[in-house]
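What follows is each chain in one-letter form.
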Amino acid sequence: MTTIDLNAAAREILKANGRGGYTVPNGRVYPFQWNWDSAFVALGFDTFDRPRAWTEVETLFRAQWDDGFLPHIVFWKDDPGYFPGASVWATGKEPVTSGITQPPVAATVVRKLWKSAAEADEADHYRPRLEALFPKLFAWHRWFAAYRDPDRRGVVVATHPWETGRDNSPEWDVPSEVIDVSNVGDYVRRDTSHLDSKMRPTKLEYDRYLALVQFGRATGWDHARIAAENPFRVADVGMSMILLRANRDLAALAEELGRSEESEEIRGWIQLAERGIDWLWHDELSAWCSRDTLTGRFSGHITSASFLSFYAGLADAGRDAATRAHFDRIAGLVDYLMPSLDPADPGFQMIRYWRGPVWAVVNYMIGTGLAEADDRERAEKVRQDTLELMRRNGFYEAYSPVDGTGSGGDDFSWTAAIWLTWAKGI
Ligand code: DGY
C-alpha cells in the first residue's frame, strides 16, 4: 500500500473503533476503553480531528476515582467477548472500571496535543480544556506517588503484570511465583477464542492474573492495603521511565498554566525519580531492568523497556553508551527493532505477546527519546523499522521482529495512531 492508502486506512481504523467519545483497541479482543491505548489513540486523532483527540482523553478521565486513581479499563458498555469483565473486577464504581492502572502516558500526550493546538493558533480555544484536564492529570500522578511508591524510592511499583502494560514479560516470572493460585477456580478465557493461543499468555499466567484481581477485590480495592500487602510488588523499569517523562511534561504544563504550587510538587517527584531510578540499573548486565521490591532481586532480562531511559530524559554517558551497545547488538539479531525481549534471551518467543514481538507504541517512545538525545541514526532506524512493519503487514497489535508477521489483533487502534503521528514521517 502507498502512504496515502495507509493514511486513509489508519484513519478508518480509528473511526471504526470509535464508540462515541472513546475508542476500543480492537472491537473483538478488547471491546472497552483502555487507559494507555486511549492516550496514544488521541495522538492519532490529533493528526486529522483535533476536537476528537481531546475528547478521547477527557472521556478516559471521566472514569477517574475520587482518590486520583485512573483505571486501566473502563467498561462503558457491557460486552461478553472479554474476560475478566466488569463483574470479576467488582470495583463498585460508576462507570464500572477495573481496579489497577496502566503506564501513565496521558500527561505527555496532553502536552503534545496542547503544543499542536498552539501551533495551529488554537491555544485560546483549547486552554479551558487544558485547564480542566490539568488537575486530573496532577491527581493521578499524586496517586502514583502515594500508592505506587509508598516507600518513596522514586520508582513505580506495579501491583499487577497488567498494570505494566507488558503483561507476560518474563520480567514478572520469578516475582509471580509467590502468587497463590489454589483458589482461583474455573473460568473461561475469551482472548484465546479470538486469537491463536501461541500469541497469548499461558494458563498459569492467567491464573496468577486472576489471583491478583481476587486479592484486590477482597481488599475492596483499598489502594493503601494493596500497596502494603499485595503479593506482587515489582519496580517496573517501563512505568518508572514513563512516569518520570510524564512528570517532566506535567511540570511544563503546570508552568504554562501558572500553577506554581503544583509545579513545585512535581519537581520534587522528578528529583526523587532521577535519584531513585538508579536502583534499576543492573551493573553486570549493563542495562536497565525491573526489580522485585519484596526480594530486591533484578529480573535480569533486557526488554524493550530497557531502552526508555532516553525518553525519561536521563543522561549518563556510561549507561547511555552501554544501552546503545545493546541496541546495536539486538539490531544485528533481528530484522525489525525493538523486540520486547532480547532475542539472545533463552525465553525469547517471536510471536508471544510481550516475550518477543515488536510493539509500535514502545518503538514510538524509544524513537522519540533517542531523537531528543540527538541520536538521529538510531531514532530513524526504529522509526523506519516500524514504518516497514506497517507498510508490509498492516496495523497489527504487534509484530514478529524476526519476519515481521502480525501478532495478536488486527486493525489495531494504537498501531494506526502511531502510523499517523510518527511512523510515516512527515
Ligand atoms: C488483556 O486482557 O490481555 C489486557 O492486556 C489486560 O489489560
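For the structure itself, consult the block above.
Since the model is a prediction, treat every value here as computed from it, not as a measurement. (Residues numbered from 1 in each chain as written. Predicted model: local features only at pLDDT ≥ 70, side-chain atom pairs only at ≥ 80, totals over all residues. Heavy atoms only, no water.)

## Focus: the overall build of the protein
Regarding its fold elements, the protein presents 16 helices and nine strands. Its C-alpha atoms put the protein at 55 × 45 × 45 Å along the principal axes. Carbon and sulfur atoms form 48% of the exposed surface of the protein, whose accessible area is close to 16,000 Å². Taking the 48 positively charged and 62 negatively charged side chains of the protein as two groups, their mean positions are separated by 2 Å. (Helix = DSSP H or I, 4+ residues; strand = E, 2+ residues; numbered from the N terminus. Areas by Shrake-Rupley, 256 points an atom, 1.4 Å probe, with all protein chains shown as cover. Lys, Arg positive; Asp, Glu negative; His and termini not counted. Charge placed at Lys NZ, Arg CZ, Asp CG, Glu CD.)

## Let's talk about the site of the ligand
Around the ligand, a shell composed of Tyr30, Trp34, His72, Tyr82, Trp162, Asp167, Arg200, Tyr206 and Tyr353 is seen. Residue Asp167 places a side-chain N or O atom 2.6 Å away from an oxygen atom belonging to the ligand. Protein contact buries 95% of the 230 Å² of open area that the ligand shows by itself. (Near = heavy atom within 4 Å. Polar contact = N/O pair within 3.5 Å; in protein donor to acceptor, adjacent residues only side chain to side chain.)

## Let's talk about helix α6 (residues 123-147)
The end-to-end C-alpha separation of α6 is 34 Å, in line with the 36 Å expected for 25 residues at 1.5 Å each. At Arg129, α6 is deflected by roughly 30°, the largest bend along its length. The elements touched by buried residues of α6 are α2 (35-45), α3 (50-61), α5 (106-119), α10 (223-229), α11 (237-256) and α12 (260-276). (Expected span 1.5 Å × (residues − 1). Bend = angle between axes of the 7 residues up to and from the residue. Contact = heavy atoms within 4.5 Å.)

## Observations regarding the sheet that holds strand β7 (residues 291-292)
A sheet is described by the order of its strands in space; here three strands give the open sequence β3-β4-β7, paired in antiparallel fashion. The open sheet terminates on both sides in strands that have one partner only, identified here as β3 (157-158) and β7. (Pairing = 2+ DSSP bridges.)

## Quick word on the side chain of Arg148
Along the chain, Arg148 falls in the loop between α6 and β3. Those residues in contact with Arg148, other than ones at most four positions away along the chain, are Trp143, Val155, Val156, Val157, Thr159 and Glu163.

## Observations regarding the packing of aromatic side chains
Each aromatic ring pair is summarised here by two numbers: the centre-to-centre distance and the angle between the ring planes. Counted by the stated rule, this structure contains 37 aromatic pairs. Here the aromatic rings of Phe32 and Trp34 are separated by 6.3 Å at their centres, their planes lie at 35°, and the arrangement is tilted. What makes Phe32 buried here is its relative accessible area of 2%. Taking relative accessible area as the criterion, Trp34 reaches 5% and is therefore assigned buried. (Phe/Tyr/Trp six-rings, centres within 6.5 Å; stacked < 30°, edge-to-face > 60°. Buried < 20%, exposed > 50% of the residue type's maximum accessible area, 1.4 Å probe, protein only.)

## What to know about the packing of α5 against α6
For the pair α5 and α6, the least separation of the axes is 10 Å and the interaxial angle reads 170°. As summarised for this structure, α5 and α6 are arranged roughly antiparallel, according to the angle between their axes. Seen from α5, the contacting residues are Ala106, Ala107, Val110, Trp114, Ala117 and Ala118; seen from α6, they are Ala123, Tyr126, Arg127, Leu130, Leu133, Leu137, Trp140 and His141. Here the residues of the contact of α5 with α6 sort into twelve nonpolar, one polar and one charged. (Axes fitted to C-alpha atoms, helices over the stretch in contact; angles between N-to-C directions. Parallel < 35°, antiparallel > 145°, perpendicular 65-115°, else oblique. Nonpolar A, V, L, I, M, F, W, Y, C, P; charged D, E, K, R; others polar.)

## Some details on the environment of His72
Mapped onto the elements of the fold, His72 is located in the loop between α3 and β2 (73-74). Taking the C-alpha atoms as reference points, His72 and Trp36, separated by 36 residues in sequence, lie 7.5 Å from one another. Setting aside residues no more than four positions away along its own chain, His72 makes contact with Gln33, Trp34, Asn35, Trp89, Ser98, Ile100, Thr101, Gln102 and Trp162.

## Description of the environment of Ser413
Relative to the helices and strands, Ser413 is located in helix α16 (residues 413-423). Relative accessible area serves as the criterion here: at 0%, Ser413 is assigned to the buried category. Sequence separation of Ser413 and Lys15 is 398 residues, and the distance between their C-alpha atoms is 9.2 Å. Every residue in contact with Ser413, bar those within four places of it in the chain, is listed here: Ile13, Leu14, Asn17, Thr23, Val24, Pro25 and Val41. Within the structure, the side chain of Ser413 is placed 2.9 Å from the side chain of Asn17, a separation counted as a polar contact.

## Thoughts on the pattern of salt bridges
With the rule as written, the count across this model stands at 35 salt bridges. Between Arg127 and Glu256 there is a salt bridge, and its shortest N-O distance comes to 3.1 Å. With a gap of 129 residues between them, Arg127 in helix α6 and Glu256 in helix α11 connect regions that are remote in the sequence. For Arg127, a relative accessible area of 29% gives the class partly exposed. A salt bridge links Asp278 to Arg319, with the shortest nitrogen-to-oxygen separation between them at 2.9 Å. With Asp278 in the loop between α12 and β5 (281-282) and Arg319 in helix α13 (residues 317-331), this residue pair connects regions lying 41 residues apart in the sequence. (Salt bridge = Lys/Arg side-chain N within 4 Å of Asp/Glu carboxyl O.)

## Notes on α12
Here α12 is 17 residues long and its end C-alpha atoms lie 24 Å apart, about the 24 Å a rise of 1.5 Å per residue gives. Ser263, Ile266, Trp269, Ile270, Leu272, Ala273 and Gly276 are the residues of α12 that are buried. Where α12 is buried, its residues contact α6 and α11.

## Thoughts on the side chain of Asn35
Within the element layout of this structure, Asn35 appears in helix α2. Ignoring any residue separated from it by four or fewer positions in sequence, one finds Asn35 in contact with Leu60, Leu70, Pro71, His72, Thr101, Gln102, Pro103 and Trp140.

## Side note on unusual backbone geometry
With an omega dihedral of 5°, the bond running from Phe83 to Pro84 counts as a cis peptide bond. Position of Pro84 among the secondary structure elements: in the loop between β2 and α4 (86-89). A cis amide bond links Glu94 with the next residue in sequence, Pro95, at an omega value of 0°. Of note in this structure, Arg152 is not a glycine but carries a positive phi near 55°. Take Arg152: its relative accessible area is 55%, and that puts it in the exposed class. The phi angle at Asp374 is positive, at roughly 70°, despite the residue not being glycine. Along the chain, Asp374 falls in the loop between α14 (360-372) and α15 (376-393).

From the geometry alone we can't say anything about function, so treat these as descriptive.
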